[in-house]
Amino acid sequence: MKTASSHSLPPHIHYLDGQLGVEQRSLEALAREHGTPLFVYSQAAMLDALGGYQRALAGREHLICYAMKANSTLGILQSLVRAGCGLDIVSGGELERALAAGVTPERIIFSGVGKTRAEMRRALAVGIGCFNVESRAELDVLDAVAQEVGQRAPVSIRVNPNVDAKTHPYISTGLKGNKFGIAHEDVVATYQHAATCRGLRVVGIDCHIGSQITQTEPYLDAMDRVLDLVQAIETSGVAIAHIDFGGGLGIDYNADAPPPAQQLWTQLLHKLDARGFGDRKILLEPGRSLVGNAGVCVTEVLYLKPGEQKNFLIVDAAMNDLPRPAMYEAFHRIVPVAPRPGAPTTWDVVGPVCESGDWLGRDRALAVQAGDLLAVLSAGAYCMSMASNYNTRGRATELLVQGEQVTVIRQRETAADQMRLESLLP
Ligand code: LLP
């Protein structure tokens, strides 16, 4: 039996015989075996999402560097690295995870506004492919650190194209008022300076205009501006071997309609060719669009708490597991794992954490009873990687499904795990 809503579920997540499943596995059976809250990911969904980018870029020199901040669990990294991805990192911690997942160091690029000297040293020692530098001050520190160790650091300068990505202000990064990138008007001088630094080797240019972008036009605008800069930089005598257009492509959380990656990139590459830059190596840094819709978080309904003004459905997942609603008022669809017949009631779905901000969904029509399982959809990106231990809640178990096969890619964190680095007073 298929339910009416099954057609609108993300790829590889479907109802079969009245039960929600990921690929060939039933979520109810997985929850019974592994407990809740439980993250379950479809590897096929990630690889399909990656395929869209790979098809658009086929035949060109390119590197898709998965922005691992979206979900940095080792099993997820391995899945994407084995499928051909490099990795975009933003910290020394992510560098160690990237290496542990087996990526070739030259396929790592290092983004972020605040790299420390220690992080730079380690990244130089392992031989990463590129540092995406975000300020003149950072450029000079990297130059000095590289000279100390007798190396030339491969650099790309992140430019701020000053385009409106038309997304949530917290995740829009390409406007003048943000902390990211080097202002348009300072770019050529910064490249000329970089070219004179003995510890640096200029290899590229990069930009990233924001996240959860659902329109094509901001990308087209950004590309035009970046190419104008490439032209100006090269006229000033500095060659640009690769162009990195960042990440940012949105996913469908709730009737969002982002362009498919293949369509977007076919269009963008057409522009690149038309402007005469089709020979450059292309780098991309997608995060959410590779993993976001590949994951669900399964949670158990603990209590029904009907009220005069609001009905609350108290579930065992919380803002520490799924921080996006509390942080950005983000919408995640919530569906029953085994739909019940009967009229739905309108509920606010909330967690056990002691904060009014601890909600997962508001005003959701659901027919449920205590003990039922719900699935929070589109939970593959920026959920586990932003999870915390608030209220001394252990982070959830994560499972990766590949057809029939299930791998525990992260065990549930215990109270002892959480206290491991603490000491009692003498
Ligand atoms: N490259 C850079 C330099 C970035 O800052 C980001 C994300 C990405 C790539 C990947 O962007 P994506 O393709 O995932 O949109 N926590 C927020 C999203 C923050 C994004 C930060 N930067 C959320 O949950 O919506």
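For the structure itself, consult the block above.
Let me begin by describing the structure that accompanies this report.

Each value, and the rule that gives it
- Residues numbered from 1 in each chain as written.
- Predicted model: local features only at pLDDT ≥ 70, side-chain atom pairs only at ≥ 80, totals over all residues.
- Heavy atoms only, no water.
- Axes fitted to C-alpha atoms, helices over the stretch in contact; angles between N-to-C directions.
- Helix = DSSP H or I, 4+ residues; strand = E, 2+ residues; numbered from the N terminus.
- Parallel < 35°, antiparallel > 145°, perpendicular 65-115°, else oblique.
- Left-handed = near helix turned anticlockwise from the far one by under 90°.
- Contact = heavy atoms within 4.5 Å.
- Nonpolar A, V, L, I, M, F, W, Y, C, P; charged D, E, K, R; others polar.
- Core = buried A, V, L, I, M, F, W, Y, C linked by side-chain atoms within 4.5 Å.
- Buried < 20%, exposed > 50% of the residue type's maximum accessible area, 1.4 Å probe, protein only.
- Domains from an automatic or database assignment.
- Salt bridge = Lys/Arg side-chain N within 4 Å of Asp/Glu carboxyl O.

### Things to note about the packing of helix α2 (residues 43-57) against helix α3 (residues 74-82)
Packed helix pairs are specified by the crossing angle of their axes together with the interaxial distance, meaning the distance between the axes.
Part 1: Closest axis-to-axis distance for the α2/α3 pair is 10 Å, and the angle between their directions is 40°. What the angle tells us is that α2 and α3 run oblique. Between α2 and α3 the crossing geometry is right-handed. When α2 is examined against α3, the residues Gln43, Met46, Leu47 and Leu50 are found in contact with a partner set consisting of Ile76, Ser79 and Leu80.
Part 2: Per-class residue counts for the contact of α2 with α3 are 5 nonpolar, 2 polar and no charged.

### With respect to the nonpolar core
Part 1: Within the largest apolar cluster, 100 residues are counted, with the highest numbers of intra-cluster contacts made by Tyr66, Phe131, Ile205, Phe245 and Trp265.
Part 2: Mapping this core onto the domain boundaries places at least three of its residues in each of domain 1 (2-42 + 292-419) and domain 2 (111-286).
Part 3: Excluding its chain neighbours within four sequence positions, the residues that come into contact with phenylalanine 245 are Cys207, Met223, Val226, Trp265, Leu272, Ile282, Leu283 and Leu284.
Part 4: Ranked by size, the runner-up nonpolar core spans 19 residues in total, among them Leu27, Leu30, Ala31 and Val335.

### Observations regarding the pattern of salt bridges
Part 1: Tallied over the full model, the rule gives 17 salt bridges.
Part 2: In this structure, the salt-bridge partner of aspartate 140 is arginine 136, at a minimum N-O distance of 3.5 Å. Here aspartate 140 and its partner arginine 136 are both found in helix α6 (residues 136-148), 4 residues apart, which amounts to about one turn of the helix.
Part 3: Given the relative accessible area of 42%, arginine 136 is considered partly exposed.
Part 4: Connected via shared salt-bridge partners are Asp224, Asp228, Lys271 and Arg275.

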